[in-house]
Structures are given as structure tokens and as C-alpha cells.
Amino acid sequence: MKKALFLDRDGVINNEVNYLYKIEEFKFIEGIKEGIKKFRDKGYIIIIITNQAGVGRGYYTAEEFFLLNDWMLKELEKDEIEITKVYYEFSHPDKGIGKYKSDSIRRKPNPGMILEAIEEFDIDIKNSILVGDKESDIIAGERAGILNNYLITTGHSINERLKKKYILINNLLEIFDK
Ligand SMILES: O=P(O)(O)OC[C@@H](O)[C@H]1O[C@H](OP(=O)(O)O)[C@@H](O)[C@@H](O)[C@@H]1O
Ligand SMILES: [Mg+2]
Ligand SMILES: [Zn+2]
């Protein structure tokens, strides 16, 4: 079994700009590459789990998502950062168009994408970690059985209720101090 670092994308790996799909708007968050590298050095596999309802809503195409995704993976490879797999879900329960209008078990806060990864890579979920920028990310982790879920402050705004309820971090490296 392997321990995994599950990472949300928008707001954790890159700045959240609301339905990002243009390569030129993708900005890696300060320190994220160093943080991922440290987890790789400690034997974690890196799994990205991202809701991409912008496709389901018709804001951008699946092809545009894949182009950005391939570009992001190549950028990380340039710094010798290996991402084991990116799981994505295009649907949205209310705003999805056509086949994308569905209440998928894969869309966070549902745990489907994480459960698929556990199965596919024989992940030791009790010793894995999840980092997200929204409560829906954390709930997905909890529902999948992850015990160490961290809310990062680089994405969406975090209100007092969330601050009281979840463990907050400003960057991945802080997790090693916890
Ligand atoms: O990698 P993430 O953070 O799962 O991607 C989030 C974006 O797809 C998108 O998510 C939310 O949109 P929906 O509610 O799913 O339509 C919003 O938070 C947007 O601001 C994000 O860009
Ligand atoms: Mg996010
Ligand atoms: Zn977000």
C-alpha cells in the first residue's frame, strides 16, 4: 500500500481565478512545487482531484481542460515533479448542460474520485493527506476516510466557522510542523 497526498487544483496548485482554462492565466502558487517535492521525498504519491464544472457549464471545452492539464503536468515535470494521476469531474448537478447535468458521486464533496484512486493505486488512506481550498474538498476527503484533511488559505475566502472547524495551513510545508 502507498500513502498519497491528494491535492485540489484551483486554489491549491494554481491561483483560483474562477473557471480557469487559459494556459496564460495559470499561475503556480508560491511554494507549491517545493511543498509537493517534499512529500515526494517522503514517499507520498501525488494525486490531483479537481472539479471542472466549467466544462459541464459550457464555459470551456473538455479539450481546453486537457490542453491545460497536459501543459501543467509538463511544467511540473520540468522541476522533476511527478504527478501520479489527475482525476477530474466535468458534471454539475444543476448547472450542467446535457450529459453534464448529473449529481455525480465523483464531484466533490462526494468522494468518488478519491475512492477510484484508492482502488487504482492501492492507497493507504489512513496515512494519506488531503489539501483543499474549499470545505467541499475537505468533506470529500472525510467521506473517503482520509483522517488528515487540511484547508489551505490560498484559494477561496475562509470564514470564522471554517477557521474553527478545520486545520488551516498557508502552505504545504506547514503540514510537517503539525
Ligand atoms: O480544482 P478545484 O478547486 O476543484 O476546481 C474548482 C473550479 O472548477 C471551480 O469550482 C467551483 O465551480 P462549481 O461550483 O464547481 O461550478 C467554483 O469554486 C469556481 O470558482 C472554481 O473555479
Ligand atoms: Mg479548489
Ligand atoms: Zn476553488
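Along each chain, residues carry numbers from 1 onward, in the same order as the chain's sequence is written. Written order determines the labels here, with chains lettered from A and ligands numbered from 1. In keeping with the model being predicted, local features are shown solely for residues with a pLDDT of at least 70 and side-chain atom pairs are shown and tallied solely at 80 or more, while totals for entire chains, interfaces and linings include all residues. Water and hydrogen atoms were dropped before computing side-chain values, which therefore reflect all heavy atoms in the structure.

Chemist: Teacher, can you tell me more about the site of ligand 1 here?
Modeler: Here a residue counts as near a molecule or strand whenever at least one of its heavy atoms sits within 4 Å of it. Around ligand 1, a shell composed of 17 residues is seen, among which E16, N18, Y19, T50 and N51 lie nearest. D10 places a main-chain nitrogen or oxygen 2.9 Å from an oxygen atom of ligand 1. Definition of a polar contact: a pair of N or O atoms within 3.5 Å, with one able to donate and the other able to accept a hydrogen when the atoms are protein atoms, and with sequence-neighbouring residues admitted only if both atoms are side-chain atoms. For ligand 1, an oxygen atom lies 2.6 Å from a polar atom in the side chain of T50. For ligand 1, whose accessible area on its own is 500 Å², the fraction buried by protein is 92%. When residues are sorted by character, Ala, Val, Leu, Ile, Met, Phe, Trp, Tyr, Cys and Pro go into the nonpolar class, Asp, Glu, Lys and Arg into the charged class, and all the rest, Gly among them, into the polar class. Its residues assigned to classes, the shell around ligand 1 comprises 2 nonpolar, 6 polar and 9 charged. Here the open area of atoms and residues is found with the Shrake-Rupley method and a 1.4 Å probe, where only the protein chains shown may cover a residue.

Chemist: Explanation requested: the pattern of salt bridges in the structure shown.
Modeler: When the charged atoms of two side chains lie near each other, side chains of opposite charge can form a pair. Salt bridges, as used here, are contacts in which a Lys or Arg side-chain nitrogen is within 4 Å of a carboxyl oxygen on Asp or Glu. Taken as a whole and judged by the stated rule, the model has 13 salt bridges. One salt bridge in this structure joins K78 and E75, with 2.6 Å as the shortest N-O distance. Placement of both K78 and E75 in helix α3 (residues 62–78) is noted, with a separation of 3 residues, approximately one turn of the helix. Working definition: with a 1.4 Å probe on protein chains only, accessible area under 20% of the residue-type maximum means buried, over 50% means exposed, and in between means partly exposed. On the basis of relative accessible area, E75 is assigned to the buried category, the value being 17%. Note that E89 is salt-bridged to R106, the shortest N-O span being 2.7 Å. With a gap of 17 residues between them, E89 in strand β3 (residues 85–89) and R106 in the loop between β3 and α4 (112–121) connect regions that are remote in the sequence. Only DSSP runs of H or I with at least four residues qualify as helices, and only runs of E with at least two residues qualify as strands; both kinds are numbered from the N terminus onward.

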